[in-house]
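One letter stands for each residue in the lines below.
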Amino acid sequence: MNVSHPSVHPVEVAPLPPADGRVVVPPRVRMKVIQGMPGTIGGLSLRFFQFAYAVVSLAVMASTNDFPSVTAFCYLVAVVALQSLWSLSLAIVDIHALLVGRTLQNYRVVSLFSIGDGVTSTLTFAAACASAGITVLIGNDLGLCSQNHCKQFETATAMAFLSWFTALPSFLLNFWSLSSR
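Asker: Could you give an account of helix α3 (residues 107-141), naming the residues involved and the relevant values?
Answerer: With 35 residues, α3 extends 49 Å between its outermost C-alpha atoms, agreeing within 8% with the 51 Å of an ideal straight helix rising 1.5 Å per residue. Glycine 143 occupies a position one or two residues after α3 and carries a positive phi of about 65 degrees.

Now the structure itself:
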């Protein structure tokens, strides 16, 4: 008869508390460092691409002379400027952490990164969606591409979406790191 038997693994007995009544605090278990988190090469590459896409979006939108006439495009310019500054400053922090050899797993640092990434990624997504709506309105619905810079508007909007797409993993990894403590 071929019957499977359960595997029995010995379990260590928890140590008894000291006789003098002291409370023993077990050591904290640190989460494994995953590429993409702050202070890693993956995190630095995400910050670099966030910065690059935001700067390209800002430069392309600012190269047109009629973007100030549309509020959504002004909002996009302001948000990608904020995104580029945020990504550049955190890329500098990541470079410093990599050069010094430290991990950025401090609760306050991770919560700051998580909140900042959440705010900037939400603003970038909202600005990209608003600009995409106006671009579709100008190009497809009104048919005014001959009078406007539709290709530049579309390029700037696409770069803003790519900036958001690279900011989202940073936010999710930081938030996950924060919530797993």
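Asker: Describe the side chain of asparagine 174, and please don't skip the residues or the numbers.
Answerer: If you trace the backbone, asparagine 174 turns up in helix α4 (residues 150-179). At 2.8 Å, the side chain of asparagine 174 and the side chain of aspartate 117 are in polar contact. Beyond its immediate sequence surroundings of up to four residues, asparagine 174 is in contact with Pro38, Arg47, Val110, Phe113, Ser114 and Asp117.

Asker: Run through the environment of alanine 156, naming residues and quoting values.
Answerer: Inspection of the secondary structure puts alanine 156 in helix α4. Residue alanine 156 is classed as buried on the basis of its relative accessible area of 0%. Taking the C-alpha atoms as reference points, alanine 156 and valine 80, separated by 76 residues in sequence, lie 9.7 Å from one another. Excluding anything up to four places from it in sequence, alanine 156 contacts Ser57, Val60, Met61 and Leu76.

Asker: Talk me through the pattern of salt bridges; I want residue IDs and the actual numbers.
Answerer: What the rule picks out here adds up to one salt bridge. Note that arginine 47 and aspartate 117 form a salt bridge whose closest N and O atoms lie 2.7 Å from each other. Of the two residues, arginine 47 sits in helix α1 (residues 41-62) while aspartate 117 sits in helix α3, which places them 70 residues apart along the sequence.

Asker: Go over the packing of α1 against α4, please, and point to the residues and values.
Answerer: Two elements in contact, α1 and α4, have axes whose closest approach is 8 Å; the angle formed by their N-to-C orientations is 155 degrees. Accordingly, the angle class assigned to the pair α1 and α4 is roughly antiparallel. Judged by the sense of rotation from one axis to the other, the crossing of α1 with α4 is left-handed. Taken together, the residues of the contact of α1 with α4 sort by class into 14 nonpolar, eight polar and one charged.

Asker: Any chance you could break down the environment of leucine 76 for me, citing the residues and the numbers?
Answerer: Here leucine 76 is to be found in helix α2 (residues 71-100). Residues leucine 76 and alanine 130, 54 residues apart in the sequence, show an inter-C-alpha distance of 8.2 Å. Once residues lying within four places of it in the same chain are set aside, the contact partners of leucine 76 are Ser57, Met61, Ala127, Ala128, Ser131, Ala156, Thr157 and Ala160.

Asker: Any details on the packing of α2 against α3? Residues and values, ideally.
Answerer: Look at α2 against α3: their axes get within 9 Å of each other, and the N-to-C directions meet at 150 degrees. If you check the angle between α2 and α3, you find them roughly antiparallel. Handedness of the α2/α3 crossing: left-handed. When its residues are assigned to classes, the contact of α2 with α3 shows 18 nonpolar, seven polar and one charged.

Conventions used here
- Residues numbered from 1 in each chain as written.
- Predicted model: local features only at pLDDT ≥ 70, side-chain atom pairs only at ≥ 80, totals over all residues.
- Heavy atoms only, no water.
- Helix = DSSP H or I, 4+ residues; strand = E, 2+ residues; numbered from the N terminus.
- Expected span 1.5 Å × (residues − 1).
- Polar contact = N/O pair within 3.5 Å; in protein donor to acceptor, adjacent residues only side chain to side chain.
- Contact = heavy atoms within 4.5 Å.
- Buried < 20%, exposed > 50% of the residue type's maximum accessible area, 1.4 Å probe, protein only.
- Salt bridge = Lys/Arg side-chain N within 4 Å of Asp/Glu carboxyl O.
- Axes fitted to C-alpha atoms, helices over the stretch in contact; angles between N-to-C directions.
- Parallel < 35°, antiparallel > 145°, perpendicular 65-115°, else oblique.
- Left-handed = near helix turned anticlockwise from the far one by under 90°.
- Nonpolar A, V, L, I, M, F, W, Y, C, P; charged D, E, K, R; others polar.

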